[in-house]
Amino acid sequence: MSQPVCAIVGAGEGLGRALAAKFASQGFDIALISRSEANCVAAIKDATAAAARTNVQFFSADATQPETIEEALASIAEDMSEIDILIYNARGEFTACEPLEMSYTALEDILRVEVIGAFAAAKSVLPAMIRRSRGSLFVSSATAAFRGSRTHPLYAIGKFGLRALSQSLAKAYAKDGVHIVHMRLDCDLDVPLMRDAYGDRYNPEKLANPADVAEAYWLTHLQPKSAWSNEVELRPYTELWTY
C-alpha cells in the first residue's frame, strides 16, 4: 500500500531539505520539484535517511514556467499518488534596487516565481483535494509580504502577491476541507549561505533552525479543522520585530 504524498516545489539545501526529511519521517512519500536534480541531492539523501521505506522521487520543473509545474504535478499524481500535501517553497531573487530602478523583466520574473508558479501549483492540486475534502497547501513566505521596501521592492512585491493568492485560496476553499496556509518567516535561516554571510557575527541563537521550522509546518498540518491557522509567522526568540 502506498504512503501519502508530500510534494515540495523548491527543495534545496535549506528549508526544502528539512521539510523533505520531516515529512518523510512522518510516513509520507516525497516528491521533489526543482529545475535540476542536483539542487535536490541533499533533500533526497535526508528524506531517504529519515525513513528507509520512503519513496523519494525527483521531478523537473521551472517555477517561472507554469506549464512545467502543472506537468510535474500531473506526473507525481500518475507515478506516485494523488498529492496530500503541497509545499510551495520556491523563492525569487533578493535583488537590491530602488523602485524606479526595477526593470519590466525583473518585475515579471519575480511575479512568475512567487505568484504565477504558486498559482500553477495550487491549480494543479486543489481540484483533487476539494474532491477528497482534505489536503494541505503551504506557501513559504517572508515578512516582506507585509511591507513595501525602499531597497528590495521586487522581493516585497512578489511576497505581497503570494500572500494575497494564499489568502484568496484559503477564503475560497477552506470550506471544502483544504487547509491553505501562508507560512511567514520573519528571520534568517541557519543554512551555510547565511553562516557565510554573517561571518564572525554568526550566532545560531539568532537564526532559525530549518529542522525546527519544518516541525512548525508539520504541526500546522496536524491542526484540527475547528482551529485552523491560515497565517503562521515564525521567528527565533532573539529576533527583533521589524514591523
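Read on for a plain summary of the structure. (Residues numbered from 1 in each chain as written. Predicted model: local features only at pLDDT ≥ 70, side-chain atom pairs only at ≥ 80, totals over all residues. Heavy atoms only, no water.)

Focus on the overall build of the protein
Looking only at helices and strands, the protein has seven helices and seven strands in total. The linear arrangement of helices and strands in the protein, starting from the amino end, is β-α-β-α-β-α-β-α-β-α-β-α-α-β. For a compact globule of 243 residues, the expected C-alpha radius of gyration is about 18 Å, and the protein comes in at 17 Å, within 12% of that figure. Counting every position in the protein, which comprises 243 residues, the buried fraction comes to 47%. Here the analysis covers contacts within the protein between residues at least 6 apart in sequence; of these, 74% occur between residues at least 24 apart. Approximately 12,000 Å² of the protein is accessible, and the part contributed by carbon and sulfur atoms is 53%. Measuring between centres, the 23 positive side-chain charges of the protein sit 6 Å from its 30 negative side-chain charges. (Helix = DSSP H or I, 4+ residues; strand = E, 2+ residues; numbered from the N terminus. Rg over C-alpha atoms; globule rule 2.2 N^0.38 Å. Buried < 20%, exposed > 50% of the residue type's maximum accessible area, 1.4 Å probe, protein only. Contact = heavy atoms within 4.5 Å. Areas by Shrake-Rupley, 256 points an atom, 1.4 Å probe, with all protein chains shown as cover. Lys, Arg positive; Asp, Glu negative; His and termini not counted. Charge placed at Lys NZ, Arg CZ, Asp CG, Glu CD.)

Quick notes on the pattern of salt bridges
One pass over the structure, following the stated rule, counts 14 salt bridges. Residues E82 and R131 are paired through a salt bridge, measuring 2.4 Å at the closest nitrogen-oxygen approach. Placement of the pair is E82 in the loop between α3 (66–79) and β4 (83–88) and R131 in helix α4 (residues 104–132), with a sequence separation of 49 residues. On the basis of relative accessible area, E82 is assigned to the partly exposed category, the value being 30%. (Salt bridge = Lys/Arg side-chain N within 4 Å of Asp/Glu carboxyl O.)

So, the sheet that holds strand β3 (residues 56–60)
Read across the open sheet, the seven strands follow the order β3-β2-β1-β4-β5-β6-β7; overall the sheet is parallel. Among the strands making up the open sheet, the edge pair consists of β3 and β7 (231–234). Neighbour-to-neighbour, the strand axes of this sheet turn through a mean angle of 20°, independent of strand direction. Two elements, strand β1 (residues 5–9) and β4, share five bridges in a ladder whose sense is parallel. When the sheet's bridge partners are listed, V5 is paired in β4 with I83. (Pairing = 2+ DSSP bridges. Axes fitted to C-alpha atoms, helices over the stretch in contact; angles between N-to-C directions.)

Some points on the packing of helix α1 (residues 15–25) against helix α7 (residues 210–221)
Packed helices, taken two at a time, are described by the angle between their axes plus the distance between the axes. α7 packs onto α1 with a crossing angle of 55° between their chain directions and a minimal axis gap of 8 Å. The orientation of α1 with respect to α7, classified from their angle, is oblique. As α1 runs across α7, the sense of the crossing is right-handed. Contacts between α1 and α7 involve L15, A18, L19, K22 and F23 from the first element and P210, A211, V213, A214, E215, Y217 and W218 from the second. (Parallel < 35°, antiparallel > 145°, perpendicular 65-115°, else oblique. Left-handed = near helix turned anticlockwise from the far one by under 90°.)

With respect to α3
Over its 14 residues, α3 runs 20 Å from end to end, which matches the ideal 20 Å to within 8%, given 1.5 Å per residue. For α3, the full list of buried residues reads P66, I69, A72, L73 and I76. What you see down the axis of α3 is that its buried residues fit within an arc of 120°, all on one side. Among the exposed residues of α3, those pointing more than 90 degrees away from its buried face are E71 and E78. (Expected span 1.5 Å × (residues − 1). Arc of directions from axis to C-beta.)

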